[in-house]
Amino acid sequence: AGYPCGIIAHEDRLYILQQGTPYSIHVFNLLSQHLFKWNHSDNMGDMFLGKALAVINNDELVVVDRTNKRFVVYSLTGELLRSVSCDEIRNSKISLCHASGDSIIVTIPSASHELFKFNLATETIEWRSNAVKRPSTVMMLNKEYVLVTEGEYSNQVKFFILNQMTGKVKLDVL
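Residue numbers here run from 1 along each chain, matching the order of that chain's written sequence. The predicted nature of this model means local features are confined to residues of pLDDT at least 70 and side-chain atom pairs, given and counted, to a pLDDT of 80 or more, with totals for whole chains, interfaces and linings taken over all residues. Heavy atoms throughout the structure, all of them, feed into the side-chain values; hydrogens and water do not.

> I tried to follow the packing of aromatic side chains on my own but got confused; where do I start?
What characterises a pair of aromatic rings is the spacing of the ring centres plus the angle enclosed by the ring planes. Classification of ring pairs uses Phe, Tyr and Trp, with its six-membered ring standing for Trp, and accepts pairs whose centres are within 6.5 Å; under 30 degrees between planes counts as stacked, over 60 as edge-to-face, and the remaining range as tilted. Scanning all chains against the criterion turns up three aromatic pairs. Ring centres of W38 and Y74 lie 5.4 Å apart, and the angle between their planes is 55°; on these two criteria the pair is classed as tilted. Placement of W38 in strand β4 (residues 34-39) and of Y74 in strand β9 (residues 70-75) is noted, with a sequence separation of 36 residues between them. The pair W38 / Y74 is uniform in exposure class, with both members buried. Ring plane angle 40° and centroid distance 5.4 Å describe the contact between F71 and F118, whose orientation is recorded as tilted. Elements are defined by DSSP. Helices are runs of H or I of four residues or more, strands are runs of E of two residues or more, and each kind is numbered from the N terminus. Exposure classes here rest on a 1.4 Å probe applied to the protein chains alone. A residue is buried below 20% of its type maximum, exposed above 50%, and partly exposed in between.

Structure (structure tokens):
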């Protein structure tokens, strides 16, 4: 048994990534009833150091595999669909959210301070932004904009609103 290390709500379900060997994904309904689970592993070996989850295209769950520097994509019922390599992934905290289509926006607040939009279908970075110096978390506001926080564990947290298509800052707020 392990502890929950990632969670996302989608429609009437909660998807919880649980630390362990192997990591597992547990699915609950909104009444806290456990519906099913699957192990977060594939023919390339167990996944480790997962933290971030995102639902894309309304029917796929993306999990970050930091150890193997990739995104792993499942159906919402646990079928492994594909693994997508991404050399930018570091062995540190990662935050991600669905942008549009097969694209996700990723923050890596480690020493590299990465903020980029990544297309899972083409396995390419669509844009990088250095407008946020120390990106921490990211979440979609609506179809056009994302909210990115800068800083962590301090009273100096700033908020940025970026256009999700271009990565350009629309507004920054203390």
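The rest of the description comes next.
> Help me out: how do you make sense of the nonpolar core in this one?
For soluble globular proteins, nonpolar side chains are generally found buried alongside one another. Counting 18 residues, the largest nonpolar core has F71, I104, V106, F118 and L120 as the members making the most contacts within it. Of all the secondary structure elements, the ones that give two or more residues to this core are β7 (53-56), β8 (60-65), β9, β12 (103-108) and β13 (114-119). If you tally residues by element for this core, the top one is β12, at three residues. Nonpolar core, defined: a set of buried Ala, Val, Leu, Ile, Met, Phe, Trp, Tyr and Cys residues in which side-chain atoms within 4.5 Å join the residues together. Counting 15 residues, the second largest nonpolar core, distinct from the first, contains I8, I25, V55 and L61.

> Where do I start with the pairing of strand β17 (residues 158-163) in this structure?
Remark: a regular strand shows side chains that alternate across the two faces of the sheet. Across six bridges, the pairing between strand β16 (residues 145-150) and β17 is antiparallel. Note on β17: the bridge partner recorded for L147 is I161. Relative to strand β18 (residues 169-173), β17 runs antiparallel, the two sharing four bridges. Within the sheet, the bridge partner assigned to F159 lies in β18 and is V173. Note on pairing: two strands pair once DSSP finds at least 2 bridges between them. Following β17, the chain reverses through five residues before pairing antiparallel with β18; G167 in that reversal takes a positive phi of roughly 80°.

> How should a nonpolar patch on the surface be read in this particular structure?
Any residue with relative accessible area above 30% and no salt bridge may belong to a patch, with like charges joined within 9 Å and the nonpolar Val, Leu, Ile, Met, Phe, Trp and Tyr side chains within 5 Å. Methods summary: accessible areas were calculated by the Shrake-Rupley approach with a probe of 1.4 Å, and residue burial reflects only the protein chains presented. Salt bridge, as applied in this entry: a Lys or Arg side-chain nitrogen positioned within 4 Å of an Asp or Glu carboxyl oxygen. Taken together, the side chains of F159, L171 and V173 define a hydrophobic patch exposed on the protein surface, amounting to about 240 Å² of accessible area. Here F159 shows up in strand β17. The class for F159 is partly exposed, based on a relative accessible area of 36%.

> Teacher, can you tell me more about the pattern of salt bridges here?
Opposite charge on two side chains permits them to pair, given that their charged atoms come into close proximity. Enumeration according to the criterion identifies six salt bridges in this entry. For R82, the salt bridge is made with E60, and the minimal N-O distance between the two is 3.5 Å. You can see R82 sitting in strand β10 (residues 80-85) and its partner E60 sitting in strand β8, a full 22 residues away along the chain. On the basis of relative accessible area, R82 is assigned to the partly exposed category, the value being 25%. A salt bridge links E114 to R128; the shortest N-O distance between them is 2.7 Å. Separated by 14 residues along the polypeptide, E114 in strand β13 and R128 in strand β14 (residues 124-128) bring together distant segments of the chain. Of the residues examined, E114 reaches a relative accessible area of 14% and is grouped as buried.

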